[in-house]
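Structural overview for review
Given next are the chains, with one letter for each unit.
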Amino acid sequence: MSTEEGDIAPEKPKQDEDEIKPEEMKPVSYPVKVLYCPECTLPLEYCEFMPEATLQRCRVWRDNNQYLLEQEGFDLEALNLEDTPGDKKRQKRGGRGNVKSKQKKEPDIVRIARIPRGKRKFVTRVTGLATFDINLKKASKQFSQKFSCGSSVSGDDEIIIQGDVTDDLIDLISETWNQIDEDHIEDLGEVKR
Amino acid sequence: MFRKFDENENISSTNQIKSSVQRQIRAAVIEQMPEIESYLQEIWPKKENAKIIKCHDHIEILTVGNQTLFFKQRDSPWYPTLRLLHKYPFILPRQQVDRGAIKFVLSGANIMCPGLTSPGAKLNNDIGNNSVVAVHAEGKQTALAIGLMKLSPEDILKVNKGIGIETIHYLNDGLWHLKVSR
């Protein structure tokens, strides 16, 4: 293994070889492109500090995307996620240094309900869109334009569309957002308010 | 600062800022981080509308497009966000912590002096007290936190105990996860 800075700083014993000083790096153009892990959102080199549950997903993603990493010129060895035997055992439980894993919300089901207003009028209530990371305000605007009727965001994860548009809405939702499958949409039928 | 930061709870308003205020902020940012000047036009084009997100505890976050660029609290200087710092790593002076400190910093701890003086760390002696620094880590290329020097480097070496750099923004905190919609 080669120590690049061995002769520059002899007084400090260097422990790692992959240390790179900014001035020794090949000329870079700004902005620097940093690749982030889509699972834990951190730069790839910090994945190893994630809690076990997230780390598992990071590993899976890396295995599936190795070609991409090679393309970008990443040294897979340097980004190794496995424990090296020389390392101190990581503390598994408790303590302040353990990053708690955030529960990833499972994409839910979009529920569509028809609510009667008076004798023969209805409004349509859509819930669950926000779990798919959809901007509710924009969605409601789109609904009102498409159905030419009033539509409003009325709660945390709720859109009310004036008029009974249930059938058209199911088609529209699965058309506009690819991540929502027809199976993810549930039609509750008529619901009391 | 952003340890418990939630998009739905901590944001009180989002406003477009006046061009005169924009000019002021630009000047302040350049004065504070002179290296950024030649790139500022690229980061924050004049035509682009900037927004200020006001949050609880007097935190203000400056966003351009759907990117968060800078933030500040009360009368503090403007801090760049980590995403911006990763793109332009030269805008802040750097300090380096040893490997053992990484996991604590990633869960939001302030940086203690021993983590800055041990063999894996690099303490930059030219950075004075109360300046904004990028916290890098042993063996890593990207910064993992943005901090504020609480002690001067000489004191850090001398005392070697307690908080040396206050962590302000770190990977995986609330600001890191903040999504801005246009």
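Residues numbered from 1 in each chain as written. Chains lettered and ligands numbered in written order. Predicted model: local features only at pLDDT ≥ 70, side-chain atom pairs only at ≥ 80, totals over all residues. Heavy atoms only, no water.

1. Here's the deal with the overall build of chain A
Here is the rule we go by: Here a strand is any run of E in DSSP of at least two residues, a helix any run of H or I of at least four, and the numbering for each starts at the N terminus. Partly exposed residues are those whose accessible area sits between 20% and 50% of the maximum for their type, while under 20% is buried and over 50% is exposed, using a 1.4 Å probe and protein chains only. When checking whether two residues touch, look at their non-hydrogen atoms; a contact exists if any pair is within 4.5 Å. Using a 1.4 Å probe, accessible areas were evaluated by the Shrake-Rupley method; residue-level cover was limited to the displayed protein chains.
When you go through chain A residue by residue, the secondary structure sums to four helices and five strands. Listing every helix and strand of chain A by position from the N terminus yields α-α-β-β-α-β-β-α-β. Residues counted as buried form 32% of the 193 residues belonging to chain A. When contacts within chain A are restricted to residue pairs at least 6 apart in sequence, those whose partners lie at least 24 apart make up 48%. Surface exposure of chain A reaches about 13400 Å², of which carbon and sulfur atoms provide 47%.

2. What about the nonpolar core?
Defined as follows: Among the buried residues, those of types Ala, Val, Leu, Ile, Met, Phe, Trp, Tyr and Cys that are joined through side-chain atoms within 4.5 Å form a nonpolar core.
By size, the foremost hydrophobic cluster in this structure holds 71 residues, and its most contacted members are Tyr46(A), Ile61(B), Leu62(B), Phe70(B) and Leu144(B). The element best represented in this core is strand E8 (residues 132–137) of chain B, accounting for five residues. Leu62(B) has contacts with Ile17(B), Ile25(B), Trp44(B), Ala50(B), Lys51(B), Ile52(B), Gln67(B), Thr68(B), Leu69(B), Phe70(B) and Trp78(B), leaving out every residue within four places of it along the chain. By size, the runner-up hydrophobic cluster in this structure holds 21 residues, among which are Ile134(A), Cys149(A), Ile161(A) and Leu172(A).

3. Describing unusual backbone geometry
Residues and elements named next belong to chain B. Located in the positive-phi region is Asp57, a residue other than glycine, with phi close to 60°. Relative to the elements of secondary structure, Asp57 occurs in the loop between strand E2 (50–55) and strand E3 (59–64). Look at Arg74: it is not a glycine, yet its phi comes out positive at around 50°. When you line up the elements, Arg74 lands in the loop between strand E4 (67–73) and strand E5 (79–80).

4. Focus: the sheet that holds E2(B)
All names here are of chain B. For the record, the criterion: Paired strands, in this sense, are two strands between which DSSP finds at least two bridges.
Across the sheet, which stays open at both edges, the five strands sit in the order E1-E2-E3-E4-E5 with antiparallel pairing between neighbours. The two strands at the open ends of the sheet, each matched to only one other strand, are strand E1 (11–16) and E5. As paired strands, E4 and E5 are joined by two bridges and run antiparallel to one another. Pairing of Phe70 across the sheet is with Pro80, part of E5.

5. A closer look at helix H3 (residues 136–147) of chain A
Residue and element names in this part refer to chain A. For clarity, the cut-off: Here the expected length of a helix is defined as 1.5 Å per residue gap, with one fewer gap than residues. Regarding the arc, it is the one traced by the directions from the helix axis to the C-beta atoms. Two N or O atoms form a polar contact when they lie within 3.5 Å of each other; inside protein one atom must be a possible hydrogen donor and the other a possible acceptor, and for residues adjacent in sequence the pair counts only when both atoms belong to side chains.
Between its terminal C-alpha atoms H3 stretches 16 Å, which fits the 16 Å expected from 12 residues at 1.5 Å a residue. Leu136, Ala139, Ser140, Phe143, Ser144 and Phe147 are the residues of H3 that are buried. Buried residues of H3, seen end-on, are gathered within an arc of 135° and therefore sit on one face of the element. Seen from the buried face of H3, the exposed residues on the opposite side, beyond 90 degrees, are Lys137, Lys138, Lys141, Gln145 and Lys146. Considering only its buried residues, H3 is in contact with strand E3 (151–155), strand E4 (158–162) and helix H4 (166–176). If you check the start of H3, you find a side-chain oxygen 3.2 Å away from the backbone N of Lys137, and it comes from Asn135.

6. Notes on the pairing of E2(B)
All names here are of chain B. The pairing of E1 with E2 spans five bridges and is antiparallel. When the bridges of E2 are listed, Ser13 appears paired with Lys54. Pairing geometry for E2 and E3, over six bridges, is antiparallel. For Cys55, the partnering residue across the bridge sits in E3 and is Ile59. Turn length for the E2-E3 hairpin, with the two strands adjacent in sequence and antiparallel, is three residues, and the turn residue Asp57 shows positive phi of about 60°.

7. Here we look at the pattern of salt bridges
Cut-off, in case you're wondering: For this document, the term salt bridge refers to a Lys or Arg side-chain nitrogen within 4 Å of an Asp or Glu carboxyl oxygen.
For the structure on display, the rule yields eight salt bridges over all chains. Measuring nitrogen to oxygen at the nearest pair gives 3.8 Å for the salt bridge that ties Asp155(B) to Lys158(B). You can see Asp155(B) and its partner Lys158(B) sitting in helix H7 (residues 153–159), three residues apart, about one turn around the helix. A single salt-bridge network, built from bridges that share partners, covers Glu48(A), Arg99(B) and Lys140(B).

8. So, helix H1 (residues 52–64) of chain A
Residue and element names in this part refer to chain A. If you check H1, its first and last C-alpha atoms are 19 Å apart, about what 13 residues at 1.5 Å a residue would give, namely 18 Å. Among the residues making up H1, those that are buried are Thr54, Leu55, Cys58, Arg59, Trp61 and Arg62. Across the axial projection of H1, the buried residues extend over an arc of 165°, all falling on one side. In H1, the exposed positions that point more than 90 degrees away from the buried face belong to Asp63 and Asn64. For H1, the elements touching its buried residues are helix H2 (66–71).

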